[in-house]
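Structural overview for review
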Amino acid sequence: MKDVMASFGVPLADEKTQGPCTCITFLGIEIDTVRAVCRLPGDKVQRMLQAVRAIMERDRVPIKEVQSLLGLLNFAGRVIPMGRVFNRRLEGQLKGPPGQAKWARVTIEVKEDLEVWARFLVDFNGVCLWRHPPVSNQALHLFTDAAGGFGYGAYLDGEWSAAPWPRDWIEAGCELAGAQNSTSSKKPRSRSIFHSLFCCLCHEDAEPLPVNNNAPLVVEENGSLPKAAVKYLLPEVKAQDSGKICVVIDLDETLVHSSFSSVHADFIIPVEIDGTVHQVYVLKRPHVDEFLRRMGEMFECVLFTASLAKYADPVADLLDKWGAFRARLFRESCAFHRGNYVKDLSRLGRDLNKLIIIDNSPASYIFHPDNAVPVASWFDDMTDTELLDLLPFFERLSQVDDVYSVLKLRWNAS
């Protein structure tokens, strides 16, 4: 080969020239002709594992560190293609006006995704690019599809099969439209944590499924609901709340901030996951006590969180000393839309002109932005006064018949 290149006048760099071998590293990827696989070299795997674990240990990291890790994981996706889907939530932490955000949240969902990546890097490093014998698409005739609320199916060369989602998947909250009754003015049944406390790979011991009368929906691309009749998520209005505006209130980063880090906390919530008890440290936002007390007096308040009940329910028990929350809704009551858990206000059974949502995440109210009172995300700033500052506004709002007129004036003024 060297002689041939020399005869054509093509220079070769000795340090980049490899003699006959069965394994070569090209463009950062090992090509193994004996095992017929492409994989990441060991030093790259160790570097990626260190980067993954460094971010998993913290709750906030610089944006540049997240961007660097995403670059590594996207490169790893060349030979670990199934890992790409677990980059989505990490990429979501980079959203926002360019140049403004310097820090990114490392949510518990993101940490769970990074745990999956750590497993992939160790146990699933490599992809086979050769098939023996080669199989064409025309010969294979393989087609698959899935429906979030029902199950999955496949067709292969004249044969087909279909099945519902496994019960333990539904119990873990990984289906798009699983069955779980989450609406009650009483304390709902405890469930899992790992989604906003944690993700779909979290596994719990299977429990009997309750009746599917409040299943979250897979929505259409335009955000509309399927035309089938849907039972409302909230019960009938109680006599004490007759005529009041309904206020939907978010939990994480709106009222509290939770972390696995052992720091000073107002509450410590033990959560069992896969047989291991994890301590979740919960810090209350300044003035949250006064805020909930007054809001419970003025409105019909509903806790609506994209977290799972096993975590959010005991937090609400400790946080809501005054019974401000008439009902509690959790992740299974959200609509899964384009990668986000959306709180669809049209499913609550309340008039939209008498309905407000308080949330730090615009994605949560993307279906009804005109009903939203956005709040800044809160992590640990003990000088924060946002909840206290909002009370005069809500005191005025509690007297109106149509929230749209006031909310539109507020945003036009701002």
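Let's talk about the sheet that holds strand E10 (residues 246-249)
- As summarised here, the arrangement of the 5 strands in space is E15-E14-E10-E18-E19, forming an open sheet in which the pairing is parallel. With partners counted over all chains shown, the strands left at the sheet margins are strand E15 (325-329) and strand E19 (372-374), one partner each. Strand-to-strand, the axes of this sheet are offset by a mean angle of 20°, without reference to chain direction.
- One ladder, built from 4 bridges, connects E10 with strand E18 (residues 355-359); its direction is parallel. Directly across from Cys-246, in E18, lies its bridge partner Leu-355.
- Along the sheet face, helix H9 (residues 288-298) touches E10, strand E14 (300-304), E15 and E18 and points at about 155° away from the line of E10.

A look at the side chain of Arg-285
- Note that Arg-285 resides in the loop between strand E13 (276-284) and H9.
- Reaching out from Arg-285, the side chain makes a polar contact with the backbone oxygen of Ala-376 at a distance of 3.0 Å.
- Contacts of Arg-285, omitting those with residues within four sequence positions, involve Glu-253, Thr-254, Leu-255, Val-256, Val-375, Ala-376, Trp-378, Asp-384, Glu-386 and Leu-387.

Looking at the packing of aromatic side chains
- By the definition in use, this model includes 6 aromatic pairs.
- With centroids separated by 6.4 Å and ring planes inclined at 75°, the aromatic side chains of Trp-117 and Phe-120 adopt a geometry described as edge-to-face. Here Trp-117 pairs with Phe-120, and both are found in helix H5 (residues 108-123), just 3 residues apart, close to one helical turn.
- Relative to Phe-394, the ring of Phe-393 has its centre 5.5 Å away and its plane inclined at 65°; by these criteria the two rings are edge-to-face. Residues Phe-393 and Phe-394 agree in their burial class; the two are buried.
- An aromatic cluster of three or more residues is present, and its members are Phe-291, Phe-299, Phe-393 and Phe-394.
- Note that Arg-331 overlies the ring of Tyr-341, its terminal NZ or CZ placed 4.4 Å from the centroid.

Basis of the calculations
Residues numbered from 1 in each chain as written. Predicted model: local features only at pLDDT ≥ 70, side-chain atom pairs only at ≥ 80, totals over all residues. Heavy atoms only, no water. Pairing = 2+ DSSP bridges. Helix = DSSP H or I, 4+ residues; strand = E, 2+ residues; numbered from the N terminus. Axes fitted to C-alpha atoms, helices over the stretch in contact; angles between N-to-C directions. Contact = heavy atoms within 4.5 Å. Polar contact = N/O pair within 3.5 Å; in protein donor to acceptor, adjacent residues only side chain to side chain. Phe/Tyr/Trp six-rings, centres within 6.5 Å; stacked < 30°, edge-to-face > 60°. Buried < 20%, exposed > 50% of the residue type's maximum accessible area, 1.4 Å probe, protein only. Lys NZ or Arg CZ within 6 Å of the ring centre and 35° of its normal.

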